[in-house]
Amino acid sequence: MTRPTRLGVAPTGSRSLVHHTTGHLTVRVMDQDADGARVGLLATQALLLSGDDVRIEVDVAPGAWLDVVETTGTVAYEGEAPSSWTVDATVGDGAVLTWAGKPFVVSDEIATHRRTRIRLRGTGKVLVQEKVVLGRAGQSGGDLSMSLEADDDTGPVQVEHLHLGQQARQMPGVFGNLRSMDTVTALGWTPEPIGEPKAGTTGPGETYFPLDRSGAALRWMGIGRFRDQLCDATFAAWREEAMRDYRRRRSARHPGRAAETAGLGEVDRGPAAEAKATTAERPRARTCRAP
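Basis of the calculations
- Residues numbered from 1 in each chain as written.
- Predicted model: local features only at pLDDT ≥ 70, side-chain atom pairs only at ≥ 80, totals over all residues.
- Heavy atoms only, no water.
- Phe/Tyr/Trp six-rings, centres within 6.5 Å; stacked < 30°, edge-to-face > 60°.
- Helix = DSSP H or I, 4+ residues; strand = E, 2+ residues; numbered from the N terminus.
- Buried < 20%, exposed > 50% of the residue type's maximum accessible area, 1.4 Å probe, protein only.
- Lys NZ or Arg CZ within 6 Å of the ring centre and 35° of its normal.
- 1 Å grid on protein atoms, 1.4 Å probe; cavity = no way out; pocket = protein on both sides within 12 Å on 5 of 7 lines; lining within 4 Å.
- Points joined across faces, edges and corners; volume = space filled by probe spheres on them.
- Nonpolar A, V, L, I, M, F, W, Y, C, P; charged D, E, K, R; others polar.
- Pairing = 2+ DSSP bridges.

## Description of the packing of aromatic side chains
And step 1. Throughout the structure, instances matching the rule amount to one aromatic pair.
And step 2. Taking the centre distance of 6.4 Å and the plane angle of 65° together, the rings of Trp85 and Phe104 count as edge-to-face. In this pair, Trp85 sits in strand β8 (residues 83-91) while Phe104 sits in strand β9 (residues 96-106), placing the two residues 19 residues apart along the sequence. With respect to class, Trp85 is no different from Phe104; both count as buried.
And step 3. A cation sits over an aromatic face here: Arg114 above Phe104, 4.7 Å from the ring centre.

Next comes the structure, spelled out in structure tokens:
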């Protein structure tokens with residue numbers, strides 16, 4: 001059995017400490033400062049083959065930030081033995097974890113499971129994006145199950161289990177002929193949607209779900225390739241929002257580093273650099289619902 005890919009980051013006085021071990025994936029540091037890093041995940045072999053059990057363990061120390069970049073999408077290839085992809089993350093007090101996933105494609109004749117487990121401590125924040133495509137070109141896709149389990153110091157924040165087997169997704173009101181799903185999930189704070197969805201052209205459109213406690217999710221479902229116009233922009237704006245709060249806390253802790261703090265996101269030194277438009281500069285809506 002291949003060992004898990006392990007990734008951790010901790011702040012230091014000068015340059016953050018990034019430690020990692022290689023499993024099915026290896027880690028490359030793309031950007032780094034005293035408090036965190038942007039890292040890329042690269043496959044060390046073809047993924048996901050029948051029987052593969054990919055595990056990624058992430059630890060973001062208190063006060064640190066980590067931005068995870070998937071360099072390519074992942075295909076769950078056909079085979080008799082089920083495959084799985086598991087992310088297990090712990091995010092410390094005052095830390096920020098952002099993770100924009102690439103498409104996860106489920107081939108015909110395979111059963112595969114995606115599991116995400118998140119533990120938030122104190123004022124930690126998490127922002128993740130998951131893109132799922134059922135079937136390669138000319139396929140309808142095999143059996144997919146997904147789960148997201150997140151808790152904080154008080155208890156569960158979000159628990160979701162989706163069973164998208166071939167028979168289940170044909171039931172009324174489940175998935176029908178749709179093939180794609182894009183979900184942006186924020187935990188640790190409740191950002192609002194940045195605009196109105198355009199439903200009816202490529203599927204039922206986007207739906208915004210504010211969580212009962214601290215968190216929110218935006219989900220798009222549609223046919224064919226990803227053609228929604230809101231999820232990627234929402235991830236970028238929510239990432240900027242999460243990092244802006246982090247920079248404010250960092251400035252309060254280290255007044256003498258105000259100029260360096262402002263540099264995160266302005267000169268490509270942190271994960272907010274790509275989000276040039278903030279939430280305040282975009283049209284905002286209280287709800288985003290499919291018709």
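## Thoughts on empty space enclosed by the protein
And step 1. On inspection of all chains with the given rule, the structure shows two cavities of 30 Å³ or more.
And step 2. Taken as a whole, the largest cavity spans an internal volume of roughly 120 Å³.
And step 3. Lining the largest cavity we find 14 residues, and of these Val87, Trp99, Thr116, Val128 and Glu130 sit closest to its centre.
And step 4. Those elements that provide at least two residues to the lining of the largest cavity are β8, β9, β10 (111-120) and β11 (125-134).
And step 5. Here the residues of the lining of the largest cavity are counted per class, giving eight nonpolar, two polar and four charged.
And step 6. Forming the boundary of the second largest cavity are Glu130, Met146, Ser147, Leu148, Glu160, His161, Leu162, Thr183, Thr185 and Arg219.
And step 7. Elements that contribute at least two residues to the lining of the second largest cavity include exactly β12 (143-151), β13 (156-164) and β14 (180-187).
And step 8. Across the lining of the second largest cavity, the residue classes tally to three nonpolar, four polar and three charged.

## Here's the deal with the pairing of strand β16 (residues 215-222)
When a strand is regular, its side chains alternate between the sheet's two faces.
And step 1. For β16, the tally of buried residues reaches seven of eight residues, placing the bulk of the element in the interior.
And step 2. As judged from the eight bridges shared by β14 and β16, these two strands associate in the antiparallel manner. What sits directly across from Thr185, in β16, is Ala217.

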